[in-house]
Amino acid sequence: MSILRPEEITSIIQKELDNFKTHLRTDSVGTVLQVGDAIARIYGLDDVMVGEIVEFPNDVFGMAVNLEEDSIGVIIFGKDNADRLIKEGDTVKRTGKVVQVPVGEALKGRVVNALGVPIDGHGPIITDKYRAIEFNAPDVVSRQPINTPLQTGIKSVDSMIPIGRGQRELIIGDRQTGKTAIAIDTIINQKGKDVYCIYVAIGQKISSIVAVVETLKKYGAMEYTTVVSASSRATASSQYLAPYAACAIGEEQMFAGKDVLVIYDDLSKHAQAYRQLSLLLRRPPGREAYPGDIFYLHSRLLERAAKLSDKLGGGSLTALPIIETQGGDITSYIPTNVISITDGQIYLEADLFYSGVRPAINVGLSVSRVGGKGQAKAMRKVSGKLRLDLAQYRELVTFLQFGSELDKATQDQITRGERIVEILKQGQYEPLSLGKQIMIIFAGVNGYLDDLTVEEVRRFEALFFAYISRAMPSLEGDIEKAGDLSTENSEVLKETIRKFKDESFKK
């Protein structure tokens, strides 16, 4: 029989005490008071941050958006039925994280939802880079003046409403007037120009989003494009988050010194989704039932577009927001808000669209506040008279309705105006190179089309481009490379037009 000695027992207990460590973990938790319509009200979580992700049971997550005295309001992520997995009394935990999306080269050519999860069936996105969807806009010191054009390939835009890299240019008009068409043409025209494009579809039919993706694939534009989809079937919270997620994806490339184009299609539906969330969160409604911070909703998004200073890499993020108007009314609440935030607008008019002028841009109401700084010198030279000629033509057309007799100078102005309207017409998915645009506008403003009938102008344009590529293949490239229309190139162009009219173009 062994005898236990007291000193042995003491040493064993001491050893056990030395090895004993406490593992305390504290969680900040709250309780669900109310849930429904993808919104939850939670008691507790006093230390939660605005924009922080919280975790519900059954792997459901949400984002804290309303911090009140006795409760917090959370928007729930996931599918429509996500809130059915949550019930009153459930425990909610803080995660300490804000909403992030995957970013980087892996997203090129992919279709993702508002949280960056792929929905195109091409497997997961493999990247180790993530970025918060909310980010402060670059300050004044971090920016530089806009000095590089972003070519849309659309004659009427590049000549009269030029867009610079880093600009925010609004596309506004009634439904079915060609707003998305301008945006898609601009993406297609970036092929080979090293511009990364992001298209955000907010509240659109799934069939429309699929059609856009198929069009981009057809023209080889998906290689450098990411589509962020928050369709009409997605929750209001997804539609609210989508543009911020897309902006974060673009900012990653911008801060890497690259040029990015983001298209928000459209911010009217984005505002409606935010109004829906705000009313469910019981925020006080203001004008048209929108909450008081509806201006901040869009300003904090669009101010993130910038042309960064050379010190920060010189990258740029160009934003083309789209707004849908009702009955051509650009003075309603959301349109006026976004017009005041952006650096100009392209206004599309239903009457012009139905009369066959496409793209249906109303030159009088459209403006680019960056102006010639976002335009190639050659285009600036040939398009200087364009807006004036068009404005005079529109004014004279109204006088024609009274049947008054016209002198020769007035008739000449009308003749010139009719031909210019005709050359600015352009088919969908047919963006033109800068050189081709300059050549045909040069022909129009210098009167080389005045002796043609209006019906012959489009045929002249097509045959002229074919003739140039055959007889003077280097001219287009020379103009683009120089960036300016030299006296020598002007003379060559004049001679080529005369030669083409005399030899090849038969009336």
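Residues numbered from 1 in each chain as written. Predicted model: local features only at pLDDT ≥ 70, side-chain atom pairs only at ≥ 80, totals over all residues. Heavy atoms only, no water.

(A) A look at the pattern of salt bridges. Evaluated as defined, the whole model comprises 29 salt bridges. Of the charged contacts in the structure, one is a salt bridge between Lys-381 and Asp-484, with a shortest N-O distance of 3.2 Å. Of this pair, Lys-381 sits in helix α10 (residues 377–383) while Asp-484 sits in the loop between α15 (475–482) and α16 (487–503); the two residues are 103 residues apart in sequence, bridging distant segments of the chain. Overall, Lys-381 belongs to the exposed group, its relative accessible area being 51%. In this structure Asp-484 comes out as partly exposed when scored by relative accessible area, which is 25%. (Salt bridge = Lys/Arg side-chain N within 4 Å of Asp/Glu carboxyl O. Helix = DSSP H or I, 4+ residues; strand = E, 2+ residues; numbered from the N terminus. Buried < 20%, exposed > 50% of the residue type's maximum accessible area, 1.4 Å probe, protein only.)

(B) How the structure looks around the pairing of strand β1 (residues 29–36). Two elements, β1 and strand β6 (residues 91–98), share three bridges in a ladder whose sense is antiparallel. Bridge pairing links Gly-30 to Val-92 in β6. In the sheet, β1 pairs with strand β2 (residues 39–44) via six bridges, with the strands oriented antiparallel. Bridged to Thr-31 within β2 is Tyr-43. (Pairing = 2+ DSSP bridges.)

(C) Spotlight on the nonpolar core. The biggest cluster of nonpolar side chains holds 75 residues, and the ones touching the most others in it are Ile-187, Leu-216, Ile-346, Phe-460 and Phe-464. Once residues within four sequence positions are removed from consideration, Ile-187 is found in contact with Cys-197, Tyr-199, Leu-216, Ala-221, Tyr-224, Thr-225, Leu-261 and Ile-263. Counting 58 residues, the second largest nonpolar core, distinct from the first, contains Ile-75, Val-101, Leu-107 and Ile-294. (Core = buried A, V, L, I, M, F, W, Y, C linked by side-chain atoms within 4.5 Å. Contact = heavy atoms within 4.5 Å.)

(D) Spotlight on unusual backbone geometry. Omega for the peptide link from Asp-265 to Asp-266 comes to 0°, which places this bond in the cis form. Put simply, Arg-358 and Pro-359 share a cis peptide bond, and its omega is 0°. Its place among the elements puts Pro-359 in the loop between α9 (350–354) and β17 (367–368). Here Asp-37, not a glycine, exhibits a phi torsion of approximately 55°, which is positive. Residue class for Asp-37 comes out exposed when judged on its relative accessible area of 58%. Positive phi, normally seen in glycine, also occurs at Asp-59, with a value near 60°. Following the sequence through the fold, Asp-59 ends up in the loop between β3 (52–56) and β4 (60–67).

(E) Summary view of helix α3 (residues 179–188). The element α3 is extensively covered by neighbouring structure, given that nine of its ten residues are classed as buried. For α3, the set of buried residues is Lys-179, Ala-181, Ile-182, Ala-183, Ile-184, Asp-185, Thr-186, Ile-187 and Ile-188.

(F) Inspection of the layout of surface pockets at higher detail. Each pocket or cavity is described by its volume, and for the largest pocket that value is around 1100 Å³. Mapped by element, the contributors of at least two residues to the lining of the largest pocket are β6, β7 (100–102), α4 (206–218), β12 (225–230) and α5 (236–254). When residues of the lining of the largest pocket are assigned to their parent elements, the largest contribution, six residues, is made by α4. Looking at the lining of the largest pocket, its residues break down into 19 nonpolar, eleven polar and seven charged. Of the pockets and cavities examined, the second largest pocket occupies roughly 890 Å³. Around the second largest pocket, the lining comprises 34 residues; the ones closest to its centre are Gln-176, Gly-178, Lys-179, Thr-180 and Ala-181. Elements supplying a minimum of two residues to the lining of the second largest pocket: α3, α4 and β15 (316–324). The element that contributes the greatest number of residues to the lining of the second largest pocket is α3, accounting for six residues. Looking at the lining of the second largest pocket residue by residue, the classes come out as 13 nonpolar, eleven polar and ten charged. (1 Å grid on protein atoms, 1.4 Å probe; cavity = no way out; pocket = protein on both sides within 12 Å on 5 of 7 lines; lining within 4 Å. Points joined across faces, edges and corners; volume = space filled by probe spheres on them. Nonpolar A, V, L, I, M, F, W, Y, C, P; charged D, E, K, R; others polar.)

Any functional reading would require information that these geometric values do not contain.
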